[in-house]
Amino acid sequence: MVIWRKCLTYVSLVVFSILSIHARGQTKVLRGVILDFQSGEIVPFASMRFDLAGTGKLSDSAGGFTFRFDHWPKDTLQVSYVGFLTYTLPLSDSLFKHAVHDTLTVVINLQRGNYSEVVVRRKVDFGLLLWRKIVKHKEKNDRYRFQNFSYELYNKLELDLNQVNKQRLQNNGLLKPFAFILENIDSSEAKPFLPIYITETLSDYYYVHEPVTKRREVIKGSKTVGLNNESVSRYLGGMEQNIDFYNNFIPVFDKRFVSPLSDNGDFYYHYQIVDTQYVNARRLLHLVFTPKRKGENTFTGDCWVHDSSFAIQKMTLRLDASSNLNFVQELTLVQEFTLIHDTTWFLSRDKFVAALSPLGKNRMGMIGRKTTTYKNILYNDSSVIREVEKNKILEEVLFSANARVRPDSFWLAHRHESLSKDEKAVYKMMDTLVGMKAFHQYANAINFIATGYYDIGNYVIGPWYNWIYENELQGVRVRFDLGTNRGFNKNLTLHGYLAYGFGDKVWHWEGDALYIFKRNPRMSLYGMFRQDLDYGQQYYDEITSDNIFAIAVRKPGIPIKFINLTEQQIQWFNEWVNGFSITLTADHKVYNPELNLAPIIFFEKGPGNPMDGFELSINLRFAFLEKFFETTFYRTSLGSEYPIIDLKFTHGFPNVLGSTLTYNKIFASISDVVKVPPIGTIYYDFFGGKTTGVQPYPFLNVAPGNETYYYNKYAFSLMNKYQYLHDEFLGFNFEHNIGPGIFKFTGITRKLKWRQFYDVKLLWGHLSAQNEAYNNNVDYSFQSLNGKTYMEIGTGVDNIFKFCRVDFIWHVSPSNVGLTNIQKFGVFGSFRIAF
């Protein structure tokens, strides 16, 4: 009997199991994930509701969801989340036919919308109270509270062309050699995009806070197909990618935005608690923030906050539509934090996504996606201290052996997350392009138009804008430059040019060479000889006087000063890792004024050439933690967070290669660019110098003037070249770029993204009686400030059409007494590209 009962029970279980399997086989399953369309990040705890059934649920903490039905419903699923437009998914037979084995999987991309304006009508503002708790606990939750920490950092940067019109590109004959690229266009989204570039970096990052802040990064792998530039690899590491949401200000390109977690955040943001959820038995509060005013550099966004530690578990920042930022259509910053040892919330992942639209909102643009993940996190550990003690300077970035040539097997084993199908296709596409002759031809052509230089094998010609020029002395002047590139030699570059004036029928030339012994820190030797016109002072952002653009912007009625210069120079440069550098220069200069300057005959009062000087100089420079963008031979300073100090001493020796002059010169300057958020950026430069002895004017200090309507921040706009002459001088240059300033208060100027600035320039100078008598005569005389202070002030409108700047400059002092040709007011223009 017992046996029969057991058999009956067994049969019942089998039948029940078969029926259950059959029933389960009839179940219809709708599952999927909810993503932020712009950033690709998951959207947790989104509200999901069926219109007809009236039922619904929330997506889980990973943005996922699953619904089960006995049969496919005829209904509409509404998906909503604060800050996004409501997504509508009609459930119909046309959708269900895509189900596989009765399971339909969907990806729901939410488009960004507007956060509802937060209006607090209650006596207690709980959102503001939560913000205060977060700020109060910042020091306990920010990772920089630790004495030290380290982690393995993986950076991945992808660039995509968005809003791509495939048919238009296919019909473009210039792109015919690259038609295979168009097969990578992803048309699954409303705005098709074409992945075009990807790069990866893997590094170990170390940070020590006490007794002095030190940072160290060892880049273990850097994959940049087709871009062999070490300085770019450095910037893709962790040293330059540190964004801390707990800081008062957050860097966005070259601007500083107010963080919602700023100590003064309540002055800039409204806060509102909109939800509460439990994840892993921990209560999280959903806090939303919106700007109080339009036109300020603030964000819209939300964050999930742990309710007992008030630590951020995840925060999403989005660019507010009224922010004063150029070319950026959309921008999202996301940071996620992971609980370590059940006590510490530490950054585990961040993402930066920017949609750039330089040609306009509805034109093809670019999307940049940078994803960073953090593993092997250590804090307050002695091993971190031991590693940082290897530093030669406070902040050091190193490449391990073969870091830039790692094989694919290395990346398969070490990258933190697998590449997507699109990302793998990009690598394949880049490998193909790099091997195509047509690609390099197109790249050279684009570079030639943009920079003026064109590579031909191991040589380079240009710049094209110096090829032809006209002036009153030379008439039509033509010039041809020829140099070598890295194909000729990776450490040596040679350059020279020939120029001919059809008016004066005189040849001019230059030859120079640069040899680099070390690149980081840099050690180099430079030599040059030339015989050409010297156009006076030339500055970093000035349109030089010997190209086709200079004629159009010169001030009328002011003659060009022509002086011929024959020069031989040799220069040794040595830099140390701490930012200190020394430049030793031997320079032989022979001047001969040609036109519109006092001729040399007025100075010939003894044997030898009175404008022949040989000098040795030593230049000491200190730029702590200065950063550079480097090409093969040259580099451009990206500035330093600290003041840059220059000190130069020069001594002139007679009777060397025919020289006749004896003098001492000293020059000193201190300059800096200071970020002062939220009120912009300040630039200042203090400078001064002195020259001893009685010298002809080319060897004295000629005050920096500007004879064009193109604005130059290093020169005095209402002063001509060679107008003021000094043997002692002091100067101060100050410019404050405020940002939106007063323009944020009106709708039209806020929409145009105009920016406000003002500047002040001062110069004090003195010319000794001996030098004044020696350099002035009845036919030509220079002016001197003679202890007076020259002052210009200016203001204007920047960012007109995103590229243009207009300056209104006033001369304040001195008055006309004792001085001539004083310009009282001027309007100047310039072009610049900035975010």
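Scroll up a little and you will see the structure.
Cut-off values and rules
Residues numbered from 1 in each chain as written. Predicted model: local features only at pLDDT ≥ 70, side-chain atom pairs only at ≥ 80, totals over all residues. Heavy atoms only, no water. Helix = DSSP H or I, 4+ residues; strand = E, 2+ residues; numbered from the N terminus. Contact = heavy atoms within 4.5 Å. Areas by Shrake-Rupley, 256 points an atom, 1.4 Å probe, with all protein chains shown as cover. Lys, Arg positive; Asp, Glu negative; His and termini not counted. Charge placed at Lys NZ, Arg CZ, Asp CG, Glu CD. Patch = residues over 30% accessible without salt bridge, like charges linked within 9 Å, V, L, I, M, F, W, Y side chains within 5 Å. Salt bridge = Lys/Arg side-chain N within 4 Å of Asp/Glu carboxyl O. Buried < 20%, exposed > 50% of the residue type's maximum accessible area, 1.4 Å probe, protein only. Pairing = 2+ DSSP bridges. Core = buried A, V, L, I, M, F, W, Y, C linked by side-chain atoms within 4.5 Å. Phe/Tyr/Trp six-rings, centres within 6.5 Å; stacked < 30°, edge-to-face > 60°. Lys NZ or Arg CZ within 6 Å of the ring centre and 35° of its normal.

Comments concerning the overall build of the protein
- Counting secondary structure elements, the protein contains 14 helices and 42 strands.
- Each principal axis of the C-alpha atoms in the protein carries an extent, and together these give about 140 × 65 × 55 Å.
- Within the protein, contacts between residues separated by at least 24 positions form 64% of all contacts whose residues are at least 6 apart in sequence.
- For the protein, the computed accessible surface area is about 41,200 Å², with 59% contributed by carbon and sulfur atoms.
- Counting 92 positive and 82 negative side-chain charges, the protein places the centres of these two groups 7 Å from one another.

Some points on a nonpolar patch on the surface
- Together, Tyr515, Phe517, Leu525, Ile570, Trp572, Leu584, Ile618, Leu647, Phe649 and Ile666 line one region of the surface with nonpolar side chains, adding up to about 820 Å² of accessible area.
- Elements supplying a minimum of two residues to the nonpolar patch: strand 26 (506–519), strand 28 (562–575) and strand 33 (644–653).
- Checked against the element boundaries, Tyr515 lands in strand 26.

Considering the pattern of salt bridges
- With the rule as written, the count across this model stands at 38 salt bridges.
- A salt bridge links Arg283 to Asp307, with the shortest nitrogen-to-oxygen separation between them at 3.3 Å. Of this pair, Arg283 sits in strand 14 (residues 282–291) while Asp307 sits in the loop between strand 15 (299–306) and strand 16 (312–319), placing them 24 residues apart in sequence.
- For Asp307, a relative accessible area of 24% translates into the label partly exposed.

Here's the deal with the pairing of strand 29 (residues 580–595)
- Pairing between strand 28 and strand 29: 14 bridges, direction antiparallel. Bridge pairing links Gln569 to Asp587 in strand 29.
- Remark: four residues form the turn of the hairpin made by strand 28 and strand 29, two consecutive strands paired antiparallel; Gly579 in that turn has positive phi of roughly 95°.
- Summarising the sheet, strand 29 and strand 30 (residues 612–622) pair through 11 bridges and their orientation is antiparallel. The residue bridging Ala586 from the neighbouring strand is Leu616, located in strand 30.

Description of the nonpolar core
- Judged by nonpolar contacts, the single largest core of 48 residues is most densely connected at Ile312 and Leu333.
- Not counting residues up to four positions away in its chain, the partners in contact with Leu333 are Ile243, Phe245, Ile250, Phe299, Met315, Thr316, Leu317, Lys351 and Phe352.
- If you look at the next biggest cluster of nonpolar residues, it comprises 26 residues, including Leu30, Ile34, Leu91 and Ile108.

Let's talk about the packing of aromatic side chains
- Under the counting rule described, the total for this entry stands at 59 aromatic pairs.
- With a centroid separation of 6.4 Å and an interplanar angle of 20°, the aromatic rings of Phe67 and Phe69 are classed as stacked. When sorted by exposure, Phe67 lands in the same class as Phe69, which is buried.
- Linked through ring pairs, Tyr144, Phe146, Phe149, Tyr151, Tyr205, Tyr207, Phe346, Tyr374 and Tyr379 together constitute an aromatic cluster.
- Between the NZ or CZ atom of Arg293 and the centre of the ring of Phe267, over which it lies, the distance is 4.4 Å.
- For Arg635, the ring lying beneath its charged end belongs to Phe628, and the centroid distance is 3.8 Å.

Focus: unusual backbone geometry
- Omega for the peptide link from Gly462 to Pro463 comes to 15°, which places this bond in the cis form.
- For Phe45, which is not glycine, the phi torsion reads 60° and is therefore positive.
- Despite not being glycine, Asp102 has its phi angle at roughly 65°, a positive value.
- Counting through the fold element by element, Asp102 comes out in the loop between helix 2 (93–96) and strand 7 (103–110).

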